[in-house]
Amino acid sequence: MQGSTRRMGVMTDVHRRFLQLLMTHGVLEEWDVKRLQRHCYKVHDRNATVDKLEDFINNINSVLESLYIEIKRGVTEDDGRPIYALVNLATTSISKMATDFAENELDLFRKALELIIDSETGFASSTNILNLVDQLKGKKMRKKEAEQVLQKYVQNKWLIEKEGEFTLHGRAILEMEQYIRETYPDAVKICNICHSLLIQGQSCETCGIRMHLPCVAKYFQSNAEPRCPHCNDYWPHEIPKVFDPEKERESGVLKSNKKSLRSRQH
Amino acid sequence: MLQKPRNRGRSSGQAERDRDWSHGGNPGASRAGEDARVLRDGFAEEAPSTSRGPGVAGPSPQGARRAQAKQLELKVSELVQFLLIKDQKKIPIKRADILKHVIGDYKDIFPDLFKRAAERLQYVFGYKLVELEPKSNTYILINTLEPVEEDAEMRGDQGTPTTGLLMIVLGLIFMKGNTIKETEVWDFLRRLGVYPTKKHLIFGDPKKLITEDFVRQRYLEYRRIPHTDPVDYEFQWGPRTNLETSKMKVLKFVAKVHNQDPKDWPAQYCEALADEENRARPQPSGPAPSS
């Protein structure tokens, strides 16, 4: 056991079923995670009070510690939704991805990743990525094929596509933040508020510091005159709203009946 | 311009990172057998000793012991993740693959790593690591948690086909005396609107599913019947089916579909009962490999 001060938790079938089902999703939104938790309690322990999600997950993580994996919580960069993924703590590479993709496909991802990190907006255009197809390691790949591979990355929630441009999915950031910060320490952008890796965000036009959209939303909440936390200059961008899970659910319930997690697109 | 990894002052070169990238990272295996020997020594002795043999100087016995323990944990972790990922695709995992992709230089302590991984898989995830058939050196994970209908809604993937085409075929095989001709399977499935040559809305390519995918996943055995013209094949249950379900469970499924009681098929019911008794008897072999 590691020299950890955290007392090791106990796994019950509730936790095991939760973990099994969580693993079938690459990443899951908090609302769905809570639903999943309630389902597992219902199956094994109807009368027990459902643990607070944070405690529930901390308990599981204390057991996962010896396996160098953990259920990590993050927030989507575009609209601040809380998400969860099971991530690897030990290796700094993408072992999960490596089993689903061939050598040239992985290299394509790496090229896209480098373009994304290097870009000003956090997005890399499809054209720019496809132009690098000749430089890929492994079997030769045509542009048409590369387009499909990029779609495969979108389907598996490693990349997000918006109007022909690609950025990292929240899942990829959760899984690979450590790897990215270690591999590209001079090129990565960091959020001035939360100090985590930043791919998409807003930046101060005077001093250049950057902030995640959800961090901007929280920091400038109900502030009539938003100013840069670093240089105090007027913050010129539109301040997004803080993500409100209650409001989100209300509109969801009005729209449709209970949907299964399978049909939900993240 | 983006600082490329090869210019980094990191100790590992580009080549090793490439290897990490595509082979899922192997923090321990890239080192020489030296580590493996030190690790093995750590296993054998309980009390720390100040002299651990030639050539192993440097860190205190305390520090070395902790480092060994961590190396061991990392290896077990890799093995657990490897098995989980491989099993998700429902392809039995070959011992040779485990040795090649995960164990590497730690071959000597493979049985111990294996045992620890099996224990973790059971305690943490609720999966039992079992050998597909005795002496086959291939393994699968069996879920010790009973699947529940609502699980299907909560999944992010297809899951094991507990209901659906596979169950129907398994039911057919059992009810027909544990073996059935392929032509008979299609005669039956046609009545449900499932054809070997036509794309199906839910099952996609039923012929491929039944004769290839389910066979590869070891749910079914598919053998050519000799001296048949035109060529015909026969289906039987595969080794995975016997591990993941049982004759009684399949009989209950068939009964449910017909809205009847399993006892309405006395011959099959007796056979299923006998199978249950067999399973209740304690099994001799555990998951650990023989050498």
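In this text, all values refer to a predicted model and were calculated from it rather than measured experimentally.

Each value, and the rule that gives it
- Residues numbered from 1 in each chain as written.
- Chains lettered and ligands numbered in written order.
- Predicted model: local features only at pLDDT ≥ 70, side-chain atom pairs only at ≥ 80, totals over all residues.
- Heavy atoms only, no water.
- Helix = DSSP H or I, 4+ residues; strand = E, 2+ residues; numbered from the N terminus.
- Buried < 20%, exposed > 50% of the residue type's maximum accessible area, 1.4 Å probe, protein only.
- Contact = heavy atoms within 4.5 Å.
- Areas by Shrake-Rupley, 256 points an atom, 1.4 Å probe, with all protein chains shown as cover.
- pLDDT = per-residue confidence, 0-100.
- Axes fitted to C-alpha atoms, helices over the stretch in contact; angles between N-to-C directions.
- Parallel < 35°, antiparallel > 145°, perpendicular 65-115°, else oblique.
- Left-handed = near helix turned anticlockwise from the far one by under 90°.
- Expected span 1.5 Å × (residues − 1).
- Arc of directions from axis to C-beta.
- Pairing = 2+ DSSP bridges.
- Core = buried A, V, L, I, M, F, W, Y, C linked by side-chain atoms within 4.5 Å.
- UniProt positions renumbered as here; feature names shortened; annotations may be inferred.

1. Notes on the overall build of chain A
Next, step 1: Counting its regular elements, chain A contains 10 helices and 10 strands.
Next, step 2: The buried share of chain A, reckoned over its 266 residues, is 50%.
Next, step 3: Contacts spanning at least 24 positions in sequence make up 54% of the contacts within chain A whose residues lie at least 6 apart.
Next, step 4: Carbon and sulfur atoms make up 46% of the accessible area of chain A, which amounts to about 13400 Å² in all.

2. A word on the confidence of the model for chain B
All names here are of chain B.
Next, step 1: With 75% of its residues at a pLDDT of 70 or more, chain B shows a mean pLDDT of 78.
Next, step 2: Per-residue pLDDT stays below 50 along residues 1–56; that stretch engages in 99 contacts with residues further than four places along the chain or on separate chains.
Next, step 3: The ipTM for the predicted assembly is 0.83, set against a pTM of 0.76.

3. Quick look at the packing of helix α7 (residues 165–175) of chain B against helix α9 (residues 206–216) of chain B
Residue and element names in this part refer to chain B.
Next, step 1: Remark: α7 packs on α9, axes separated minimally by 11 Å, with the N-to-C direction vectors making an angle of 70°. Compared by their axis directions, α7 and α9 come out roughly perpendicular. Between α7 and α9 the crossing geometry is right-handed. Across the interface between the two elements, Leu 165, Leu 166 and Val 169 of α7 pack against Pro 206, Leu 209, Ile 210 and Phe 214 of α9.

4. Digging into helix α12 (residues 266–280) of chain B
Residues and elements named next belong to chain B.
Next, step 1: For α12, built from 15 residues, the straight-helix expectation of 21 Å at 1.5 Å per residue is met to within 8% by its first-to-last C-alpha distance of 21 Å.
Next, step 2: Those residues of α12 that sit buried are Gln 268, Tyr 269, Ala 272 and Asp 275. Taken down its axis, α12 places every buried residue within 120° of arc, on the same side. Set apart from the buried face of α12 by more than 90 degrees, the exposed residues are Pro 266, Ala 267, Cys 270 and Glu 277.
Next, step 3: Here the buried face of α12 lies against α7 and α11 (247–257).

5. A look at the pairing of strand β3 (residues 82–88) of chain A
All names here are of chain A.
Next, step 1: Counting buried positions along β3 yields seven of seven residues, so the element is predominantly enclosed.
Next, step 2: Every second residue of β3 is oriented toward a common face, with Pro 82, Tyr 84, Leu 86 and Asn 88 on one face and Ile 83, Ala 85 and Val 87 on the other, all of them buried.
Next, step 3: Taken together, the seven bridges between strand β2 (residues 69–75) and β3 define a ladder with antiparallel strand orientation. Its bridge partner lying in β3, Glu 70 is registered against Val 87.
Next, step 4: Between β2 and β3, which pair antiparallel in sequence order, lie six residues; one of them, Gly 80, sits at a positive phi of approximately 70°.

6. A few points about the nonpolar core
Next, step 1: Within the largest apolar cluster, 50 residues are counted, with the highest numbers of intra-cluster contacts made by Phe 18, Leu 19, Leu 64 and Ile 71 of chain A together with Ile 98, Ile 103 and Phe 125 of chain B.
Next, step 2: The element best represented in this core is helix α5 (residues 110–125) of chain B, accounting for eight residues.
Next, step 3: Setting aside anything within four residues of it in sequence, one finds Leu 19 of chain A in contact with Met 11, Ile 60, Leu 64, Ile 71 and Leu 86 of chain A together with Val 124 and Phe 125 of chain B.
Next, step 4: Within the second largest apolar cluster, 34 residues are counted, among which are Met 97, Ile 129, Val 149 and Leu 197 of chain A.

7. Things to note about the UniProt feature "domain: RING-type" (unreviewed entry) in chain A
Next, step 1: Residues annotated in UniProt with the feature "domain: RING-type" (unreviewed entry) correspond here to residues 191–232 of chain A.
Next, step 2: Across residues 191–232 of chain A, the secondary structure splits into 17% helix and 14% strand, with the terminal C-alpha atoms separated by 16 Å.

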